[in-house]
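# Examining the three-dimensional arrangement
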Amino acid sequence: MKKEDIRTIVATDCGSTTTKAILIEQQGEEFRLIARGEAPTTVEAPVEDVTKGVFNAINELEEIVGRKFTDGDTLLKPKKGSDGFDIYISTSSAGGGLQMMVAGVVKAMSAESAARAALGAGAIVMDTIASNDGRLPHQKIERIRKLRPDMILFSGGIDGGTTKHVVEIAQILAAADPKPRFGITFQLPVIYAGNKDARELVKELISKKVALTVTDNLRPVLERENLLPARHLIHDQFLEHVMQQAPGYKQLMAMTDYEIEPTPGAVGTIMQRIAREKKIQILGVDIGGATTDVFSVFQGIYNRTVSANFGMSYSISNTVSEAGLDNVMRWIPFDMNEKDLMNRVKNKMIRPTSIPQLMEELIFEQAVAREALRLSLIQHKEMAVSLKGVQKERTMSDIFSQSSDSSLVNMTTLNMIIGSGGVLSHSPRRHQAAIMMIDAFLPEGVTQLTVDSIFMMPQLGVLTNFHPEAAAQVFEKDCLIYLGTCVAPIGAEKDGKKCLEFKISMPDGKVIQDELTFGDIRVYPLGVGQVAKLYAKPAKNLDLGAGPGISIEDTLYGGVVGIIFDTRGRRPFKLPENKSERVAKMQRWLSSMNAYPNY
């Protein structure tokens, strides 16, 4: 169907536990979200057919809008009268999503490039094998056999360099004789993206044991990284091999009008497009029960990481363990002892799908969420280094110092944060989502805050490939909930000392002129869709992005919360060590945010 003839779109996202369906229709000159339905995903036993869950979710759409989109096991396409729809698209992370292992010669170089390529394609990296990873060959072989990934990406060596170490990795793969997770009668897809001079040797060693494909070297020369060819091939192999073997996916692929994409890959697609079109730098996060995904687009370079052990239910114990009890308890605005906190953690482990019934339980979970988000961002910064991008040149000194200092993630130049996941998208008050993201990410300067209303970014990511206007309109109007803009100076000052004076020109012509003291949070209302102009001058040792003491002019975007001035300091951000002082300050800040008005 031609793009200009498309009026009605049904899109699904087949998650591990839930299949979500959305209905998008053209209304007047723009596309809008009409309805959303969901049903349990049916890829596992006893059903073992993902299409059953898809039809159930679409049937819910039918009930909501009172129209027919299916006839038995058939989708009604194209639209005729009021029934049916024009296009059907889908994403999937069912069955645990795309699970990959990556291998490279040097852990901090080719193996790290392979991990970045796999993560950017939407995969979960189960393990990274490298010649210098400290494990003996038999341990690596055992690990590959035990994990049973969906796919392996294998890299190493620069073009024209030595082939010795690449051959060693290939020998380990050959000895492991890896088998795929689904379809045991099929060969495991393995992508080789290393030294081109070693291609024939690699083929000779492993082509009879695995489904080997070859693409351009991830690191053709030492100073340059080339990730896109491998990412495209991962997507192709995902469709041709992995999806074909998953229960019901062959039928699902026949139903869709556009290629199915891994859910995180589709989220990355929409984020890259929005960043490119708006010419902004974006940080996105999806916090789930078991994992937390972080996405970013800085300097036009897209990065994604998966923090596999930071989450709000199945991984809550690990989150608290990694963060430390003190770091979790610092966000709780009342007296809670460690035993009480650990009991709540274990209860959540036992009943991972439970939701808070009491205000104390909600505040506790949101305290854990701050730490899960904070730790995930730290991991993301370490992975999103300057070499990340395609065709990105580095100096020789940079090559041997892949530290977080070279991270592309710059909180000062960040324009927008997009939060997603139950604890953010479904928090009882949007003010709570805003303060969780501010506390966890500590945005610097002027930063817009948003949350994804119902996590429809995956479907919009696929839609943007063939109807970018429709995807952009739904993303702007229905997907994002605008919370407001955070203004936060970098640096430290004495508590209570004047640190910022500012003037806001409101859309109704009114001018707000005020000054703030250090260690405070203050909120000014500015509605959704409204825009104001900010003039602000920080104290001489504080910085709003232009330099210490230098005034700035910027645009403030309104939202459900409004304009949030956060003068609690950055680099360092410190909370009082004294317990009673900390509790008192937390209560004051949360009151300023109006986060828990009846508590």
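The structure displayed is predicted, hence computed values, not measured ones. Counting restarts for each chain: residues are numbered from 1 in the order of the written sequence. Where totals are concerned, whole chains, interfaces and linings use all residues; where local detail is concerned, this predicted model gives features only for residues with pLDDT of at least 70, and gives and counts side-chain atom pairs only at 80 or more. Note that water and hydrogens are dropped before the side-chain values are worked out from all heavy atoms of the structure.

### So, the overall build of the protein
Selection criterion: To qualify as a helix, a DSSP run of H or I must reach at least 4 residues; to qualify as a strand, a run of E must reach at least 2; elements of each kind are numbered from the N terminus. Exposure categories follow from relative accessible area, calculated using a 1.4 Å probe and restricted to protein chains: below 20% of the type maximum is buried, above 50% is exposed, and the middle band is partly exposed. Contact criterion: two residues are considered in contact whenever any of their non-hydrogen atoms come within 4.5 Å of each other. To be clear on the numbers: accessible area is Shrake-Rupley with a 1.4 Å probe, and residue cover counts the displayed protein chains and nothing else.
When its secondary structure is counted, the protein shows 18 helices and 24 strands. In terms of principal-axis extent, the alpha carbons of the protein reach across some 70 × 65 × 50 Å. Every one of the 599 residues in the protein was classed for burial, and the buried ones make up 57%. Long-range contacts, defined here as pairs at least 24 residues apart, represent 68% of the contacts in the protein between residues at least 6 apart. Surface accessibility of the protein: about 24,400 Å² in total, with carbon and sulfur atoms responsible for 49%.

### Remarks on helix 8 (residues 263-278)
Threshold: By definition here, a helix of n residues has an expected span of 1.5 Å times n minus one.
The first and last C-alpha atoms of helix 8 sit 23 Å apart over 16 residues, in line with the 22 Å expected at 1.5 Å per residue. Among the residues making up helix 8, those that are buried are T263, P264, G265, A266, V267, G268, T269, I270, M271, I274 and A275. In the stretch just after helix 8, K279 is the one whose phi turns positive, near 55°.

### Observations concerning the sheet that holds strand 24 (residues 562-566)
The cut-off we apply is this: Whether two strands pair depends on DSSP finding at least two bridges between them. Only the stretch in contact is used when fitting a helix axis, every axis being a line fitted to C-alpha atoms; angles between N-to-C directions are given from 0 to 180 degrees.
Spatial strand order, 15-14-13-16-17-18-24-21: eight strands in an open sheet with mixed pairing. Where the open sheet ends on each side, the last strands, each with one partner, are strand 15 (301-307) and strand 21 (521-524). Going from strand to strand, the sheet's axes swing by 20° on average, the running direction of each strand aside. Bridging between strand 21 and strand 24 involves four bridges; their strand directions are antiparallel. When the bridges of strand 24 are listed, V523 appears paired with I564. Running over the sheet, helix 15 (residues 430-441) touches strand 13 (282-287), strand 16 (416-420), strand 17 (445-452), strand 18 (480-488), strand 21 and strand 24 and is turned about 130° from strand 17.

### Overview of the environment of I454
Tracing the backbone shows I454 in the loop between strand 17 and helix 16 (457-466). Separated by 432 residues in the primary sequence, I454 and I22 have C-alpha atoms spaced 10.0 Å apart. Those residues in contact with I454, other than ones at most four positions away along the chain, are L33 and R36.

### A word on the confidence of the model for the protein
Stated formally: Every residue carries a pLDDT, the predictor's confidence in it, which falls somewhere between 0 and 100.
The pLDDT averaged across the protein works out to 89; a share of 96% of its residues lies at or above 70. Predicted confidence in the protein is weakest over helix 13 (residues 396-399), with a mean pLDDT of 46, and strongest over strand 24, with 97. Every residue in residues 388-405 scores below 50 in pLDDT, and together they form 48 contacts with partners more than four places removed in sequence or on other chains.

### Thoughts on the environment of T42
Among the secondary structure elements, T42 is positioned in the loop between strand 3 (30-40) and helix 1 (50-65). Taking the C-alpha atoms as reference, T42 lies 8.6 Å from T18; in sequence the two are 24 residues apart. With near-sequence residues (within four places) excluded, T42 lies in contact with V47, E48, D49, V50, K52 and G53.

### Examining the packing of aromatic side chains
The test is simple: Here is the rule: rings of Phe, Tyr and Trp (six-membered ring for Trp) pair when centre to centre is within 6.5 Å. Planes less than 30 degrees apart are stacked, more than 60 are edge-to-face, and the remainder are tilted. Two conditions define a charge located above a ring, namely a distance within 6 Å from the ring centre to NZ of Lys or CZ of Arg, and an angle within 35 degrees of the ring normal.
Evaluation of the coordinates by the stated rule reveals seven aromatic pairs. When the centroid spacing of 6.2 Å and the interplanar angle of 20° are considered together, the rings of W331 and F573 count as stacked. Here W331 is found in the loop between helix 10 (325-329) and helix 11 (338-350), whereas its partner F573 is found in the loop between strand 24 and helix 18 (579-593), with 242 residues between them in sequence. For F573, a relative accessible area of 14% translates into the label buried. With a centroid separation of 5.8 Å and an interplanar angle of 90°, the aromatic rings of Y524 and F565 are classed as edge-to-face. A residue pair is termed long-range when its members are at least 10 positions apart, and Y524 in strand 21 and F565 in strand 24 qualify at 41 residues. Among the aromatic residues, those joined into a cluster by ring pairs are F502, Y524 and F565. Here the guanidinium or amino end of R568 rests over the ring plane of W589, the centre of that ring lying 4.9 Å away.

### Quick word on the pattern of salt bridges
Which entries qualify depends on this criterion: In what follows, salt bridge is the name for a side-chain nitrogen of Lys or Arg lying within 4 Å of a carboxyl oxygen of Asp or Glu.
Applying the stated criterion across every chain yields a total of 36 salt bridges. With its nearest N and O atoms 2.8 Å apart, the salt bridge here joins D478 to R32. In this pair, D478 is assigned in helix 17 (residues 468-479) and R32 in strand 3, connecting sequence segments 446 residues apart. On the basis of relative accessibility, which here comes to 16%, the residue D478 falls in the buried class. Among the salt bridges present, the one from E515 reaches K498, with a minimum N-O distance of 3.6 Å. Taken together, the positions of E515 in strand 20 (residues 511-517) and K498 in strand 19 (residues 498-505) put the pair 17 residues apart, joining distant regions of the chain. Given the relative accessible area of 41%, E515 is considered partly exposed. Via salt bridges that share partners, D127, D133, R135, K140 and R143 belong to a single interconnected network.

### Here we look at the sheet that holds strand 22 (residues 531-538)
Spatially, four strands are ordered 20-19-22-23 in an open sheet, and the strand pairing comes out antiparallel. Two strands close off the open sheet at either side, each with one partner strand: strand 20 and strand 23 (552-557). Taking the axes of each pair of neighbouring strands and ignoring which way they run, one obtains an average angle of 25° across the sheet. In the sheet, strand 22 pairs with strand 23 via six bridges, with the strands oriented antiparallel. Note on strand 23: the bridge partner recorded for L534 is D554.

### Description of unusual backbone geometry
Note that the residue after K77, namely P78, is joined by a cis bond; omega there is -10°. The topology assignment puts P78 in the loop between strand 5 (74-75) and strand 6 (87-92). Cis rather than trans, the peptide bond between R571 and P572 has omega equal to 10°. Note on placement: P572 falls in the loop between strand 24 and helix 18. The backbone of D177 shows a phi angle near 45°, a positive value even though the residue is not glycine. Relative to the helices and strands, D177 resides in the loop between helix 4 (164-176) and strand 10 (189-192).

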